[in-house]
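Each chain is listed here by its residues.
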There are 2 protein chains.
Amino acid sequence: MKAVILAAGKGERLSKGKSKLNAKPKPLIPLLGLSLLERAIVSAKESGIYDFVIVVGYRSEEVVKYVEEKQNRLGLNIDFVENEEWEKGNGLSVLKARDSLQEKEDFVLLMCDHVFDSSILKELLEYAKNRIGKCVLCVDEPENVFDLEDATKILLERNKPNAIGKGIKNYNAVDCGIFYCTPAIFNALEAEKGKGKYELSDAVQCLIECDKLEVFDIGGRFWCDIDTPESLEYAKNKMLTSLEKPTDGIISKCINRKISKRITARIVNTNLTPTQITIISFIMALASAAFFLLGEHKYLIIGGILAQASSIIDGCDGEVARLKFLTTDYGAFVDSILDRYADGIMILGLIFGYWMLHGGISVWIIGLVALLGSFMISYTNARYEGVFEKPGGNRGIPIRRDMRLFMIMIGAFLNQVLGLMLLLAILTNLEVVRRVFSIKRIITKTKF
Amino acid sequence: MKAVILAAGKGERLSKGKSKLNAKPKPLIPLLGLSLLERAIVSAKESGIYDFVIVVGYRSEEVVKYVEEKQNRLGLNIDFVENEEWEKGNGLSVLKARDSLQEKEDFVLLMCDHVFDSSILKELLEYAKNRIGKCVLCVDEPENVFDLEDATKILLERNKPNAIGKGIKNYNAVDCGIFYCTPAIFNALEAEKGKGKYELSDAVQCLIECDKLEVFDIGGRFWCDIDTPESLEYAKNKMLTSLEKPTDGIISKCINRKISKRITARIVNTNLTPTQITIISFIMALASAAFFLLGEHKYLIIGGILAQASSIIDGCDGEVARLKFLTTDYGAFVDSILDRYADGIMILGLIFGYWMLHGGISVWIIGLVALLGSFMISYTNARYEGVFEKPGGNRGIPIRRDMRLFMIMIGAFLNQVLGLMLLLAILTNLEVVRRVFSIKRIITKTKF
């Protein structure tokens, strides 16, 4: 399957007020670490598309050069087509791609200025499989659209498209700019071109009239047409919010994620890789343990702040990875291993620091049981996923890593290492016992 | 799908030399914790068969009573059919089952005196799905058969059966007694009965002649026809050997499994459940830790022996579960949680015992790092399975639980707790580092 990406536009409204030197052509405008065009390409790659035809127009040389520099790293086949009449209408750009496709080849048509949740395209491809001979256009409900005035509206009747256009008065859906096309689109474009109509939506209206168009409801997932600085900001915020996970713990949800999102929004524009961020977070944990070792209250406070900071930064690696389509199982694996070492070393630091100042064996014993419990929380999670092949859920005593590191910070602030260890020892091990019994209940329920 | 199980025979050769009171009817003869008949039933249940017709004959009341007592616990539908002419030939027993089946129903035919690897039946059912209208008989190569003289031989030509019978001279395969039947078998049995032939193999010869029989090669997996005390012993040994896992560590393979198999062979005949065995092993580990706490060499020796004994018994729970078809994901989950606690508590006992006698903080620090490393070995395994959905393999530094507990015993015997902790600390953490890098290599290789 090939994807045709329209990247010929200027993006005038986006670069308003900037000199030509400062203003980038629309496809190269950055959004959370990737340019709009690169984001469209990688989103399609996520759905298993490795062959691309990119239609360039405005400042085409710059755009081609930019993509060619990335092409090897991405491992994709990319053809470029120039549309010198890019100012006339986007329908012409689609027509220009015709010669780069096989005669009877279906393809996906994307706009570089439309960002979208990549799962939409995956499902569109699945859906279109059973609609042989039909073009399928992704649609959303009007209330989900940021700039409704500028959107291409659609009138659906009994789920079948009836009319399309920016100006139609009567509508109940909006075109998301993600389009599964059969070659029929080219005939429609040619016919409209003959009438002096150069917009894609003119051709789509033509497809509607000869019953060659179906729609696919994206079910409220994220997409956005980027035309103005406001819509760029809107998309950015939506995408940052989507980084919150339903499995986030309490502290993660209320504190860590709110801060890490902001940090991620900045570092995503640098060259920092997720692995480097993982390592930074690990080093902060080691530094925290070093301060704990010193034992005195003032050092404990610094260590506590570092522990909580490390916990926050620990969220950024995954966030950057997801925004830049760099998530890997291996990254998640290494992250979890380093987290466990960090947990162990911080607790060891706290125990040793306390013992140096106060002596006594009780901190060692209680600390060891706290360490055992902390580990068992992570281990039961990992084992649960290994055995039952799905994440372990989020109920029970909230004593996962976000909470444990937060408690370590509070304990350090209050200079109450022994009390902290006791609390950790009790809560973690209690939660492990609860898990063992609650999992038994789940299994008994679901079994034959 | 229904299964018809023939359980009408006497098993004369098996009860040779025993009085009638002591000799059980063949279906009730025990083999590693289950009677032959129960084993046949549960093996079929493993393949998703929940409806049974059991043909009884010799001492039928005893057999029926035995099964009825188990029926509820097994959650199965079981009909009984009596064949009073059981001495005539097993073909008659099959005919008796006819009225308990739907008119056009395919079914599986099993002999209660044939034990087999339950995966064979699973695959037979899959295979037969694509052979509509054909009976399918499981066959093995003659060299795999324990008592070839007594076996039912088959001559295959180009993988098609040509002749069947105990007495045929020319053969290249053997009937395993696992048989997917269409109702055609009843017509064949009726026809043969008219000629005064009452053996199942006569009817199968008839199926061959009208091209209604195919064969399924079981690919060398285990099965055995139990007719004599020797074949019973052979099957027992084969099944015990099958308990060894390819993922077993060195100590497990060379020492633990050899002993645990023998223990399992005995306790499988008691009412001890796998969970109870898990708990016994855990209590032995706690007792070991208690002796370690006392610190002196003589107590260390006792603790060391208990640690290694606990490691051996830890193998028995899974072995008993597999022999009795009682394996559950939950059982494996709880076992792994208790193992981790046992590991932690034993190391804690060793540290504390040593410190009480010798003082000093080094044993605490080194011990904690050893604990951290031990955990990380188990954690990387669990995470690997969670992330990559397959077991983590068996290469690298052999420092899994079997080796760690063996090292603890040796360390305790030599009264070298500090050296032991140092060795554990180094080897476990080194292996974790190796795993992190080797997994990266595997991923890079297999990825697109």
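Residues numbered from 1 in each chain as written. Chains lettered and ligands numbered in written order. Predicted model: local features only at pLDDT ≥ 70, side-chain atom pairs only at ≥ 80, totals over all residues.

With that settled, the discussion passes to the overall build of chain A. When helices and strands are tallied, chain A shows 14 helices and 13 strands. Considered along the principal axes of its C-alpha atoms, chain A spans approximately 90 × 60 × 40 Å. Residues classed as buried in chain A amount to 48% of the 448 residues present. Counted over contacts in chain A with a minimum sequence separation of 6, partners at least 24 positions apart contribute 75%. (Helix = DSSP H or I, 4+ residues; strand = E, 2+ residues; numbered from the N terminus. Buried ≥ 20, exposed ≤ 12 C-beta atoms within 10 Å, placed from the backbone. Contact = placed C-beta atoms within 7 Å.)

The subject of this paragraph is the relation of the copies chain A and chain B. Rotating chain A by 179° and translating it 0.1 Å along the rotation axis places it on chain B, where the RMSD comes to 0.1 Å. Taken together, the rotation angle and the small translation identify this as a two-fold axis. Of the interface residues in chain A, 100% have counterparts in chain B that sit at the interface too, so the contact is made through matching surfaces. (Least-squares fit on C-alpha atoms with pLDDT ≥ 70 in both.)

Positive phi outside glycine occurs at A:Arg59, with the angle close to 45°. Relative to the assigned elements, A:Arg59 resides in the loop between strand E4 (51-56) and helix H2 (60-74). The backbone of B:Asp211 sits at a positive phi, close to 55°, despite the residue not being glycine. Mapped onto the elements of the fold, B:Asp211 is located in the loop between helix H6 (200-209) and strand E12 (213-217). Classification of B:Asp211 by C-beta neighbours within 10 Å gives exposed; the count is 10.

Residue and element names in this part refer to chain B. Residue position: Gly 396 is located in the loop between helix H12 (362-388) and helix H13 (401-413). Judged by the 15 C-beta atoms lying within 10 Å of it, Gly 396 falls in the partly exposed class. Each C-alpha atom of the pair Gly 396 and Leu 430 lies 9.8 Å from the other, and the pair is 34 residues apart in sequence. Beyond its immediate stretch of four places on either side in the chain, Gly 396 contacts Glu 431, Arg 434, Arg 435 and Ser 438.

All names here are of chain B. Pairing of strand E9 (residues 153-157) with strand E10 (residues 160-165) involves 5 bridges; the strand directions are antiparallel. Its bridge partner being in E10, Leu 156 is matched across the sheet by Pro 161. Once E9 ends, the chain turns through 2 residues before running back antiparallel as E10, passing Arg 158 with a positive phi of about 50°. Across 2 bridges, the pairing between E9 and strand E11 (residues 173-181) is antiparallel. When the sheet's bridge partners are listed, Ile 154 is paired in E11 with Ala 173. (Pairing = 2+ DSSP bridges.)

Here we come to the domain arrangement of chain A. All names here are of chain A. Per the domain assignment, the segments of chain A are domain 1 (2-237) and domain 2 (244-446). Spacing between the C-alpha centres of domain 1 and domain 2 amounts to 43 Å. The interface is formed by 6 residues belonging to domain 1 together with 6 residues belonging to domain 2. For the side of domain 1 that touches domain 2, the per-class residue count stands at 4 nonpolar, 1 polar and 1 charged. (Domains from an automatic or database assignment. Nonpolar A, V, L, I, M, F, W, Y, C, P; charged D, E, K, R; others polar.)

Let us now look at the interface of chain A and chain B. Contacts between the two partners involve 30 residues from chain A, matched on the other side by 30 residues from chain B. The element best represented in the side of chain A that touches chain B is helix H12 (residues 362-388) of chain A, accounting for 14 residues.

Let's shift gears to helix H1 (residues 36-46) of chain B. Counting buried positions along H1(B) gives 8 out of 11 residues, so the element sits mostly inside the fold. Positive backbone phi, approximately 85°, marks B:Gly48, located one or two places after H1(B).

Now for the environment of A:Tyr127. On the secondary structure map, A:Tyr127 appears in helix H4 (residues 118-129). Discounting chain neighbours no more than four positions away, the residues touching A:Tyr127 are A:Val136 and A:Phe216.

This part covers the environment of A:Glu157. In this fold, A:Glu157 is placed in strand E9 (residues 153-157). For the pair A:Glu157 and A:Asn90, spaced 67 residues apart in sequence, the C-alpha separation works out to 27 Å.

One finds A:Ile5, A:Ala7, A:Met346, B:Ile5, B:Ala7 and B:Met346 to be the most contacted residues of the largest nonpolar core, which totals 268 residues. When residues no more than four places from it in sequence are discounted, the contact partners of A:Ile5 are A:Leu37, A:Ala40, A:Ile41, A:Phe52, A:Ile54, A:Leu110 and A:Cys112. (Core = buried A, V, L, I, M, F, W, Y, C linked by C-beta atoms within 7 Å.)

Residue and element names in this part refer to chain B. End to end, helix H7 (residues 229-241) covers 18 Å across 13 residues, agreeing with the expected 18 Å (1.5 Å per residue, within 8%). Residues Leu 232, Ala 235 and Met 239 constitute the buried set of H7. The buried side chains of H7 occupy one side of the element, clustering within an arc of 65° when seen end-on. Facing away from the buried side of H7 by more than 90 degrees, the exposed set consists of Asn 237 and Thr 241. Taken together, the buried residues of H7 touch strand E2 (30-31), strand E7 (114-116), strand E13 (223-225) and helix H10 (297-323). (Expected span 1.5 Å × (residues − 1). Arc of directions from axis to C-beta.)

Residues at a pLDDT of 70 or more form 96% of chain A, whose mean pLDDT is 92. Predicted as a complex, the structure gets a pTM of 0.87 and an ipTM equal to 0.85. (pLDDT = per-residue confidence, 0-100.)

Here we take up the packing of H10(B) against H13(B). Residues and elements named next belong to chain B. Where H10 contacts H13, the two axes come as close as 8 Å, and the packing angle between them is 165°. By the angle class used here, H10 and H13 are roughly antiparallel. H13 is crossed by H10, and the crossing has left-handed handedness. For the pair formed by H10 and H13, the contact residues are Leu 300, Ile 301, Gly 303, Gly 304, Ile 305, Ala 307, Gln 308 and Ser 311 on the first element and Arg 401, Asp 402, Leu 405, Phe 406, Ile 408, Met 409, Ala 412 and Phe 413 on the second. Across the contact of H10 with H13, the residue classes break down as 10 nonpolar, 4 polar and 2 charged. (Axes fitted to C-alpha atoms, helices over the stretch in contact; angles between N-to-C directions. Parallel < 35°, antiparallel > 145°, perpendicular 65-115°, else oblique. Left-handed = near helix turned anticlockwise from the far one by under 90°.)

Looking now at the packing of helix H5 (residues 184-194) of chain A against helix H6 (residues 200-209) of chain A. Residue and element names in this part refer to chain A. For the pair H5 and H6, the least separation of the axes is 8 Å and the interaxial angle reads 115°. Relative to H6, the element H5 is oriented roughly perpendicular. Remark: the crossing between H5 and H6 carries right-handed chirality. Residues Ala 184, Ile 185, Ala 188, Leu 189, Ala 191 and Glu 192 of H5 form the contact with H6, whose participating residues are Asp 202, Ala 203, Cys 206 and Leu 207. Across the contact of H5 with H6, the residue classes tally to 8 nonpolar, no polar and 2 charged.

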